[in-house]
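# Overview (structure and organization)
This is what each chain is made of:
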Amino acid sequence: MSSPSASRLVKAYLAGVGINGCEVHNVKNYLRQWLHGLGYVEGSKAVIPASYCRYRPATVVEHLYFIKGAFETYGEFFMGDPHGGYPIVVFETGSKKLVKSLRLIGVRPLVTTDETRRRRFVVIYNRRDIKLFVKMVKPVVDDPHVAVALGLCKRI
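Since the model is a prediction, treat every value here as computed from it, not as a measurement. (Residues numbered from 1 in each chain as written. Predicted model: local features only at pLDDT ≥ 70, side-chain atom pairs only at ≥ 80, totals over all residues. Heavy atoms only, no water.)

## With respect to the environment of Val 10
By secondary structure assignment, the location of Val 10 is in helix H1 (residues 6-17). Looking at Val 10, the relative accessible area reads 33%, which means it is partly exposed. Spatially, the C-alpha atoms of Val 10 and Glu 62 are 8.8 Å apart, while their sequence positions differ by 52 residues. (Helix = DSSP H or I, 4+ residues; strand = E, 2+ residues; numbered from the N terminus. Buried < 20%, exposed > 50% of the residue type's maximum accessible area, 1.4 Å probe, protein only.)

## Let's talk about the nonpolar core
Core analysis: the biggest nonpolar cluster contains 41 residues, and Leu 35, Phe 91, Leu 98, Leu 102 and Phe 133 have the highest contact counts within it. Where this core is concerned, the elements lending two or more residues are H1, helix H2 (29-38), helix H3 (50-53), helix H4 (60-74), strand S5 (88-91), helix H5 (96-104), strand S7 (120-124) and helix H6 (127-137). At six residues, H4 tops the list of elements feeding residues into this core. Not counting residues within four places of it along the chain, the set of residues in contact with Phe 91 comprises Ile 67, Ala 70, Phe 71, Tyr 74, Gly 75, Leu 98, Leu 102, Arg 120, Phe 121, Val 122, Ile 124 and Phe 133. (Core = buried A, V, L, I, M, F, W, Y, C linked by side-chain atoms within 4.5 Å. Contact = heavy atoms within 4.5 Å.)

Here it is as structure tokens:
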């Protein structure tokens, strides 16, 4: 079995970035710089080529890059109680492709909506699933309290 090429992994990552559509608003700064270098930034938004938005990961590694792209664009760790709670993962999308990819790596996500039932979310709340998510996807963790709660560092 051969590993996927770097271009397929980049395509999988960009497919995750474009999971809610090819026009991406509120792109994080570190991702914006990279997308700008690729020529995908137009004004205040990023525009991912349509072929990437339709892309479907084929290998487990591609699914991991797809999840990472989706998390780094639409996901975040949420600490309900920063003094003793455990973080959950929230994706601002209800994408079936994302749910399929998460299930493929052994994570059991919950698909839910806001109170108005207009916006859908994918949530990972089970501690075992969050640990598996962190281990497999290796997401960016920029909040020190979340890093401590996840066991990624001992103290702030």
